Amino acid sequence: MSDDKTSNQMWGGRFASGPAAIMQAINASISFDKALYAQDIQGSLAHCKMLAETGIIAREDQEKIAHGLNTILREIEAGSFEFSDKLEDIHMNVEARLAELIGPAAGRLHTARSRNDQVAVDFRLWTKQECLRVAEALKGLIAAFLERAEEHAATLMPGFTHLQTAQPVTFGHHCMAYVEMFSRDLSRVRDAIERMDESPLGAAALAGTGFPIDRQMTAKALGFREPTRNSLDSVSDRDFALEFLSLSAICATHLSRLAEEIVIWSTPQFGFVRLSDQFSTGSSIMPQKKNPDAAELVRAKTGRINGDLIALLTVMKGLPLTYSKDMQEDKEAVFDAAETLDLMLAAMTGMVRDMTIETAAMKRAAGSGYSTATDLADWLVRELGMPFREAHHVTGRAVAMAESCKLALDRLALADLREIHPGITQDVFSVLSVKNSVNSRTSFGGTAPAEVRKQVRYWKKRLAKA
């Protein structure tokens, strides 16, 4: 693009002089909204074809415009297109280059259209396409967890509350908790796509247009379910961007919780998992160190996505209908969150598939902290008809005895247990081992290996249909 062309303002004759340098700098968005080039050209091609089909512009002009737009697309993809800050945004950059290529016919492209509905459709298209990418990434992460869950359906580990050993579970069951979380994330992405699947193109500046346009035609051409139904809302709505940021923040929170667990599990004090060299780094001074940096960075990047959400919520909270220039600040937050979430999902999927599960360490820890105490209380209720609160008290005395003797509950002598309550029989030992405890949790959604495998089969079928 030549310099003399970039000095021309596209605003028309209202302004006698060009903007001051500071105004130009604060006003220009081409540095980031050039990411919308493919969607901008896609939207323009659909609009141009509709204009010709409805007789608003001549077929000859439509052919020239389409040829010019496709030429620009090739130039941008080849890296030979020159973007100019003086032309503010992606729309003006494309339009100026189109005029260079095909002359006066380029001016007909903007008939029955405004930059307001143009940017709205570009941004919706981009966000919808990003949602589809996130959905595929989530499916990959869920599949990785299903593989590990099936592999470790019977691998014993401690379940925690307050990060204290609570009851024994299996690692497969723990993996399935994340399948549930990320499946909800996937459903949120699909719900968001459903809501944003409307085309604002044709709303023009804010009031629609007097030209006999066919909005259903452009909506269909762009892959939207239907056109939006209110022109004011069409150009001022950024719910779709906020919803993308919201679902990204929730998903990132799930990723961060998982990252925190990986950080904890990979410490020598826990030793539950071992990360490969691909997802670890060393220390510049301590040769023995193997740091879970990928997990730590996933944990940290959640704050970045949360910040993107709060930023756009703050931008939008006080804007009257319809369009205000404030809304130019919508894109950087979404672009940043999308890039960050894509990276987080890829890194976490790699870590889940790649990490080594230290089953012996998990099993040893599963019985720590008298984790089968609840099983003893349940046995007292079930076999002796004891009220649970009394059973809780009896069990507490048994735990105190085991602690003073430095023994696990299932290592206490029957005679010692009978001192606490004479009704206790030899059968109690059938529930005091960690393995038996886990196997007994057969309620729907419980940790028993058979139930875990049942849930794995269910989710595999659902994922195959997704």
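Heads up: these notes are all about the structure in this document. (Residues numbered from 1 in each chain as written. Predicted model: local features only at pLDDT ≥ 70, side-chain atom pairs only at ≥ 80, totals over all residues. Heavy atoms only, no water.)

## Considerations on the packing of aromatic side chains
Here's step 1: By the definition in use, this model includes 11 aromatic pairs.
Here's step 2: Plain terms: the ring middles of F123 and F335 are 6.2 Å apart, the flat faces sit at 85° to each other, and that makes the pair edge-to-face. Taken as a pair, F123 in helix α7 (residues 115–151) and F335 in helix α13 (residues 330–354) lie far apart in primary sequence, 212 residues in all. Note on accessibility: F123 and F335 belong to one class, buried. (Phe/Tyr/Trp six-rings, centres within 6.5 Å; stacked < 30°, edge-to-face > 60°. Helix = DSSP H or I, 4+ residues; strand = E, 2+ residues; numbered from the N terminus. Buried < 20%, exposed > 50% of the residue type's maximum accessible area, 1.4 Å probe, protein only.)

## Concerning empty space enclosed by the protein
Here's step 1: The tally for this structure, following the rule as stated, stands at 2 cavities of 30 Å³ or more.
Here's step 2: Of the voids in this model, the second largest cavity is the one considered here, and its volume is about 30 Å³.
Here's step 3: As for the second largest cavity, its lining consists of F145, F171, H174, C175, Y178, L258, W265 and M355.
Here's step 4: At 4 residues, helix α8 (residues 171–196) tops the list of elements feeding residues into the lining of the second largest cavity.
Here's step 5: The residue inventory of the lining of the second largest cavity, partitioned by class, reads 7 nonpolar, 1 polar and no charged. (1 Å grid on protein atoms, 1.4 Å probe; cavity = no way out; pocket = protein on both sides within 12 Å on 5 of 7 lines; lining within 4 Å. Points joined across faces, edges and corners; volume = space filled by probe spheres on them. Nonpolar A, V, L, I, M, F, W, Y, C, P; charged D, E, K, R; others polar.)

## Concerning the environment of V399
Here's step 1: Note on placement: V399 falls in helix α16 (residues 388–405).
Here's step 2: Along the sequence, V399 and A373 sit 26 residues apart, while their C-alpha atoms lie 7.2 Å from each other.
Here's step 3: Residues in contact with V399, not counting those within four places in the same chain, are Y370, A373 and L409. (Contact = heavy atoms within 4.5 Å.)

## A word on the pattern of salt bridges
Here's step 1: Scanning the entire structure with this criterion turns up 29 salt bridges.
Here's step 2: Between E243 and R195 there is a salt bridge, with the nearest N and O atoms lying 2.4 Å from each other. Of this pair, E243 sits in helix α11 (residues 239–265) while R195 sits in helix α8, placing them 48 residues apart in sequence.
Here's step 3: Linked by salt bridges that have partners in common, E194, E198, R225, E226 and R229 make up one network. (Salt bridge = Lys/Arg side-chain N within 4 Å of Asp/Glu carboxyl O.)

## A short note on the packing of α7 against α11
Here's step 1: Look at α7 against α11: their axes get within 10 Å of each other, and the N-to-C directions meet at 20°. By the criterion of interaxial angle, the relationship of α7 to α11 is roughly parallel. Along this stretch, α7 crosses α11, giving a crossing that reads as left-handed. On α11, the residues touching A120, F123, R124, T127, E130, C131, V134, L138, L141 and F145 of α7 are F240, A241, F244, C251, L255 and L258.
Here's step 2: Its residues assigned to classes, the contact of α7 with α11 shows 13 nonpolar, 1 polar and 2 charged. (Axes fitted to C-alpha atoms, helices over the stretch in contact; angles between N-to-C directions. Parallel < 35°, antiparallel > 145°, perpendicular 65-115°, else oblique. Left-handed = near helix turned anticlockwise from the far one by under 90°.)

## What to know about the side chain of S256
Here's step 1: Summarising the element assignment, S256 is placed in helix α11.
Here's step 2: Of the residues examined, S256 reaches a relative accessible area of 15% and is grouped as buried.
Here's step 3: Excluding its chain neighbours within four sequence positions, the residues that come into contact with S256 are V298, R299 and T302.

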